[in-house]
Amino acid sequence: MGSAKKTDSRSRKARIEEMRRAEQSRERRNRILTITASVIVVGGLVAGGAVLINSQSDDEGSTSSQSTSGKFVTGKDGVKTWSEKLSQTHVTKDVKYPMEPPVGGDHNQAWMNCNGDVYTEAINNVNAVHSLEHGAVWVTYNSKASDADVKALADKVKKTPYTLMSPVEDQKDPIMLSAWGKQRTVTSAGDPNVDKFFSEFVQGKQTPEPGAACTNGLSK
């Protein structure tokens, strides 16, 4: 039994290290793509492309306040799964989500950095949801969580790529974990369900865009 746990731990560490190397490689490619895209955009604006871009932005903004239908269904393991398919449209305004914190739905085109990023102030849901789309696990807490738990969770997040953490005062429980379409409450930082949730849902099967970047997004 102990040997199996050690093997799982080594496998998980190797997977995380592989994701970290892949992320660094993507960052280098993204820098080149960003420079190239900037040149193309400038050329397009000179040629009159600004009219089309503005029209697309208006269309996105008009659909941004929609809410997602469905409900949570709780499994035997305590993990709640959203019952309906979650939309993935990029919008420019706030979205009214049917759960807090949200686990998916329409979101802003900019994601929150989620490479083990810990935010000490509330972040925008529309950006955090984009991070979940990329396969991140979002750790949230409110003022009822103990300082010791908050610190321990922050230490864990900082060591884990494709995770982020922030306060969400309006959530119903002191500590909650969210992934795309998935959510659960844990009793403390030492709750074994924290590791289980990370192991299953960090870049898990539920991820709509596996391997997408968790850096070069928003940092506050």
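In case you missed it, the structure is sitting above this.
Anyway, here's the lowdown on the structure attached to this text.

Scoring rules and cut-offs
- Residues numbered from 1 in each chain as written.
- Predicted model: local features only at pLDDT ≥ 70, side-chain atom pairs only at ≥ 80, totals over all residues.
- Heavy atoms only, no water.
- Salt bridge = Lys/Arg side-chain N within 4 Å of Asp/Glu carboxyl O.
- Helix = DSSP H or I, 4+ residues; strand = E, 2+ residues; numbered from the N terminus.
- Buried < 20%, exposed > 50% of the residue type's maximum accessible area, 1.4 Å probe, protein only.
- Contact = heavy atoms within 4.5 Å.
- Polar contact = N/O pair within 3.5 Å; in protein donor to acceptor, adjacent residues only side chain to side chain.
- Pairing = 2+ DSSP bridges.
- Axes fitted to C-alpha atoms, helices over the stretch in contact; angles between N-to-C directions.

**Details of the pattern of salt bridges**
Turning to step 1, where the next piece is worked out: Summed over all chains, the structure comprises two salt bridges.
Turning to step 2, where the next piece is worked out: The salt bridge partner of Lys-151 is Asp-155, with a shortest N-O separation of 3.2 Å. Of the two residues, Lys-151 and Asp-155 both sit in helix α4 (residues 147-158), four residues apart, roughly one turn of that helix.
Turning to step 3, where the next piece is worked out: Classification of Lys-151 as exposed rests on a relative accessible area of 54%.
Turning to step 4, where the next piece is worked out: The salt bridge involving Asp-195 is made with Lys-156; its shortest N-O contact spans 2.6 Å. Pair noted here: Asp-195 is in helix α5 (residues 192-201) and Lys-156 is in helix α4, with a separation of 39 residues, a long-range link.
Turning to step 5, where the next piece is worked out: Its relative accessible area of 44% is what places Asp-195 among the partly exposed residues.

**Observations concerning unusual backbone geometry**
Turning to step 1, where the next piece is worked out: For the bond from Glu-100 to Pro-101, the omega torsion is -5 degrees, close enough to zero to count as cis.
Turning to step 2, where the next piece is worked out: When you line up the elements, Pro-101 lands in the loop between β2 (80-82) and β3 (115-118).
Turning to step 3, where the next piece is worked out: For Gln-203, which is not glycine, the phi dihedral falls at a positive 55 degrees.
Turning to step 4, where the next piece is worked out: Residue position: Gln-203 is located in the segment after α5.
Turning to step 5, where the next piece is worked out: Relative accessible area serves as the criterion here: at 17%, Gln-203 is assigned to the buried category.
Turning to step 6, where the next piece is worked out: Phi angles above zero are rare outside glycine, and Asn-216 is one such case at about 60 degrees.
Turning to step 7, where the next piece is worked out: Secondary-structure assignment places Asn-216 in the segment after α5.

**A closer look at the environment of Tyr-97**
Turning to step 1, where the next piece is worked out: As for its position among the elements, Tyr-97 is in the loop between β2 and β3.
Turning to step 2, where the next piece is worked out: The spatial distance from the C-alpha of Tyr-97 to the C-alpha of Asn-125 is 8.8 Å, given a sequence separation of 28 residues.
Turning to step 3, where the next piece is worked out: Setting aside residues no more than four positions away along its own chain, Tyr-97 makes contact with Pro-102, Gly-104, Gly-105, Asp-106, His-107, Asn-125, Val-126 and Val-129.
Turning to step 4, where the next piece is worked out: One polar contact links the side chain of Tyr-97 to the main-chain carbonyl oxygen of Asp-106, over a distance of 2.5 Å.

**Brief notes about the sheet that holds β3**
Turning to step 1, where the next piece is worked out: With mixed pairing, seven strands are arranged side by side in an open sheet as β1-β2-β7-β6-β4-β5-β3. Bordering the open sheet on either side are β1 (72-74) and β3, each of which pairs with just one other strand. The average undirected angle you get between the axes of adjacent strands in this sheet is 20 degrees.

**Section: the environment of Ala-189**
Turning to step 1, where the next piece is worked out: Relative to the assigned elements, Ala-189 resides in the loop between β7 (182-185) and α5.
Turning to step 2, where the next piece is worked out: Taking the C-alpha atoms as reference points, Ala-189 and Ala-154, 35 residues apart in sequence, are found 9.4 Å from one another.
Turning to step 3, where the next piece is worked out: Residues in contact with Ala-189, not counting those within four places in the same chain, are Asp-149, Ala-152, Leu-153, Ile-175 and Val-194.

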